[in-house]
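So the chains spell out like this:
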Amino acid sequence: QVRLVESGGGLVQAEGSLRLSCAASGIIFRFNAMDWYRQAPGKEREWVASTSSVGSTNYADSVKGRFTIVRDNAENTVYLQMNSLKPEDTAVYYCKTHVRALGSDYWGQGTQVTVSS
């Protein structure tokens, strides 16, 4: 059973930092690309960052230079380090993976990040 569990969200002031974690189980983690998405109130879910199975990374323009995605294959965990947070970063953050063998995307339950001005 594939399971993704996010943690690390919370309330932070603008220009502060948070580190989100996504612990994966039920997959061969080192073979899977991992993604972070976010959904702000009243908006569509949007892609934030990705790390490939070999550790290459990509970022949405809105977070480039402020957020860093890192994977730890020994811990089956992917992190999102968020620095210089802005009120517009307020959203529920989700991690996602695609399991090719099952032909499905899997999502975590999300973790709330609130940035106050």
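For the structure, check the block above.
Predicted model, so just to flag it, every value in this text is computed and none were measured.

(A) Inspection of the state of the cysteines at higher detail. Inspection of the entire model under this criterion finds 1 disulfide. There is a disulfide in this structure between C22 and C95, and the S-S distance comes to 1.9 Å. Between C22 and C95 the disulfide shows an S-S torsion of about 55°. By sign, it is right-handed. In this pair, C22 sits in strand β3 (residues 18–25) while C95 sits in strand β9 (residues 91–99), placing the two residues 73 residues apart along the sequence.

(B) Just the environment of W47, in detail. Along the chain, W47 falls in strand β5 (residues 46–51). Through-space distance from the C-alpha of W47 to that of W36 is 6.4 Å; in sequence the pair is 11 residues apart. The residues contacting W47, other than those within four sequence positions of it, are D35, W36, Y37, N58, Y59 and A60. Here the side chain of W47 touches A49 through a polar contact of 3.3 Å, landing on its backbone oxygen. A polar contact of 2.7 Å, which involves the side chain of W47, links it to the side chain of S50.

(C) Region of interest: the side chain of D89. Note on placement: D89 falls in the loop between β8 (77–82) and β9. Within polar-contact distance, the side chain of D89 engages the backbone nitrogen of K86 at 2.8 Å. Residue contacts for D89: discarding those within four places in its chain leaves R38, R66, F67, S84, V113 and V115.

(D) Quick look at the environment of Y79. Considering the arrangement of structural elements, one finds Y79 in strand β8. When its relative accessible area of 17% is taken as the criterion, Y79 is described as buried. Considered as a pair, Y79 and L20 are 59 residues apart in the sequence and their alpha carbons are 5.5 Å apart. For Y79, the residues in contact, after removing those within four places along its chain, are R19, L20, S21, W36, T68, I69, V70 and D72.

(E) Quick look at the packing of aromatic side chains. Evaluated as defined, the whole model comprises 2 aromatic pairs. Residues Y37 and W107 carry aromatic rings whose centres are separated by 4.9 Å and whose planes lie at 65° to one another, so their mutual orientation is edge-to-face. In this pair, Y37 sits in strand β4 (residues 34–39) while W107 sits in strand β10 (residues 104–107), placing the two residues 70 residues apart along the sequence. For Y37, a relative accessible area of 18% translates into the label buried. Aromatic pair Y94 and W107: ring centres 6.3 Å apart, planes at 85°, arrangement edge-to-face. A residue pair is termed long-range when its members are at least 10 positions apart, and Y94 in strand β9 and W107 in strand β10 qualify at 13 residues. Since its relative accessible area comes to 12%, Y94 is described here as buried.

Procedures and definitions
- Residues numbered from 1 in each chain as written.
- Predicted model: local features only at pLDDT ≥ 70, side-chain atom pairs only at ≥ 80, totals over all residues.
- Heavy atoms only, no water.
- Disulfide = S-S within 2.5 Å.
- Helix = DSSP H or I, 4+ residues; strand = E, 2+ residues; numbered from the N terminus.
- Contact = heavy atoms within 4.5 Å.
- Polar contact = N/O pair within 3.5 Å; in protein donor to acceptor, adjacent residues only side chain to side chain.
- Buried < 20%, exposed > 50% of the residue type's maximum accessible area, 1.4 Å probe, protein only.
- Phe/Tyr/Trp six-rings, centres within 6.5 Å; stacked < 30°, edge-to-face > 60°.

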